[in-house]
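Chain by chain, the residues:
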Amino acid sequence: MTLLARRALLIGSAAAALAARGAAAAAPPFAGKQTAGIYRYRVGGFELTALYDGIWYRPITDAFIRNAPFAEVEAALAEAFMPADKLATPFTTLVVNTGKRLILIDTGTGGQIAPSAGVLSANLLAAGIDPKAIDLIVISHFHPDHINGIRDKDNDLVFPNAEVAVPAAEWNFWMDDANLNAAPADLKVAFRNQRRIFSGLAKNVTRFHPGTEIAPGIETLPAPGHTPGHTVFAVHSGDRSLLVLGDTAQHPAVFARHPDWQAAFDIDGALAVATRRTLFDRAAADRMLVTGYHFPFPACGHLIKTANGYEHVPVEWQPNL
Ligand SMILES: [Zn+2]
């Protein structure tokens, strides 16, 4: 008997024994749905909750990266196990409980970007966080996947008791009607979306200048390029820090490995690259914990400097805080 035939025989008899034993048991039901997307961690005395809002596979063309041949982009996507013509774009928001304030950094898609995104509300519920308890929303920039979650599909406020803090430069750029009128058609959609989200809210919106603390332990740092007022946050408590990178880079398998790539959605591509290099160098040199809004869930880890770019090393799951 060949080795293969012998193996088949053994597997066959084992399967028959299992079938005989299991004949009386009911068929195990499929769960058919994903579990909650929640990851908790601590930074000093603060408790953080990463909340998943879903994923969008953004269709891309040869215009996606302005300064690299499309063949190189396709090779990078293939290397990262992504479809050839789509960029995996997951969304992860962050709740910071400082012990005094409950702060939400960026608000997710509000279910208004893709059918595969918009599970933030369900994950808030599963995490035991009442949207009414969020008292401050801090926004990194005004792209729809970061602000749309301020409202639901019916245009109602999701976090009715929250003050909203936005970068002043971001507000000034997007709320300027001259900029709206001068924008190409696809960007006009973003301008109009921002007017919808912030309409009636202006009185409750604080406009901050990066370099200041927006709340105790939440430092704001300018990170322009992706958008004119794009801002990142350093969360400090005790001797621990976390850098909240927002859209300094989108999926790290593409943009950490190729930090010099200028994406079509970066308003100033060269400035976006310079900002990315500066912040990633700092995070790698200081071995800082970082989180990126479009990094794979739980979106949190470290950056290592490599010969040509950076590699993202995700955190280990921690059963205990
Ligand atoms: Zn984004």
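Refer to the structure presented above.
What counts and what doesn't
- Residues numbered from 1 in each chain as written.
- Predicted model: local features only at pLDDT ≥ 70, side-chain atom pairs only at ≥ 80, totals over all residues.
- Heavy atoms only, no water.
- Salt bridge = Lys/Arg side-chain N within 4 Å of Asp/Glu carboxyl O.
- Buried < 20%, exposed > 50% of the residue type's maximum accessible area, 1.4 Å probe, protein only.
- Helix = DSSP H or I, 4+ residues; strand = E, 2+ residues; numbered from the N terminus.
- Donors = N, O, S within 2.8 Å, 3.2 Å for Na, K, Ca; no water.
- Tetrahedral: all angles 85-135°; square planar, octahedral: opposite > 155°, others 65-115°.
- Pairing = 2+ DSSP bridges.
- Axes fitted to C-alpha atoms, helices over the stretch in contact; angles between N-to-C directions.
- Contact = heavy atoms within 4.5 Å.

Student: Explain the pattern of salt bridges to me, please; I cannot follow it from the model alone.
Tutor: Pairing between side chains becomes possible if they bear opposite charge and their charged atoms approach one another. Applying the stated criterion across every chain, the model contains 9 salt bridges. Linking Lys86 and Asp85 is a salt bridge whose minimum nitrogen-to-oxygen distance equals 3.6 Å. The class for Lys86 is partly exposed, based on a relative accessible area of 29%. Among the ionic pairs, Arg276 bridges to Asp266, the shortest N-O distance being 3.6 Å. With a gap of 10 residues between them, Arg276 in helix α9 (residues 269–285) and Asp266 in the loop between α8 (252–255) and α9 connect regions that are remote in the sequence. In this structure, Arg276 and Asp266 share a single accessibility class: buried. Each of Arg101, Asp135 and Glu163 takes part in a single network of salt bridges with overlapping partners.

Student: Help me understand the coordination of the zinc ion, please; the structure alone is not making it clear to me.
Tutor: Around a metal, the idealised angle for a tetrahedral arrangement of four donor atoms is 109.5 degrees; for an octahedral arrangement of six donor atoms it is 90 or 180 degrees. Distances from the zinc ion to its protein donors, namely Asp145 (OD), His146 (NE2), Asp247 (OD) and His294 (NE2), fall within the range 2.1 to 2.3 Å. In this structure, the zinc ion is coordinated by 4 donor atoms arranged in irregular fashion, with angles at the metal of 88 to 171°. Site description for the zinc ion: donor spacing in sequence, D-H-x100-D-x46-H. Pair noted here: His146 is in helix α4 (residues 144–147) and His294 is in the loop between β12 (289–291) and β13 (300–305), with a separation of 148 residues, a long-range link. Taken as a pair, His146 and His294 share a single burial class, namely buried.

Student: Would you mind showing me how to read the sheet that holds strand β9 (residues 218–222) here?
Tutor: Strand pairing in a sheet relies on backbone hydrogen bonds. The paired strands run either parallel or antiparallel. Spatial ordering of the open sheet is given by β8-β9-β10-β11-β12-β13-β14, a layout of 7 strands whose pairing is mixed. Each edge of the open sheet is held by one strand with a lone partner, namely β8 (213–215) and β14 (310–314). Neighbour-to-neighbour, the strand axes of this sheet turn through a mean angle of 35°, independent of strand direction. The sheet contact formed by β8 and β9 spans 2 bridges and is antiparallel. Along β9, the bridge assignment pairs Glu213 with Glu219. Relative to the sheet, α9 contacts β9, β10 (231–237), β11 (240–244), β12, β13 and β14, its axis offset from that of β13 by approximately 95°.

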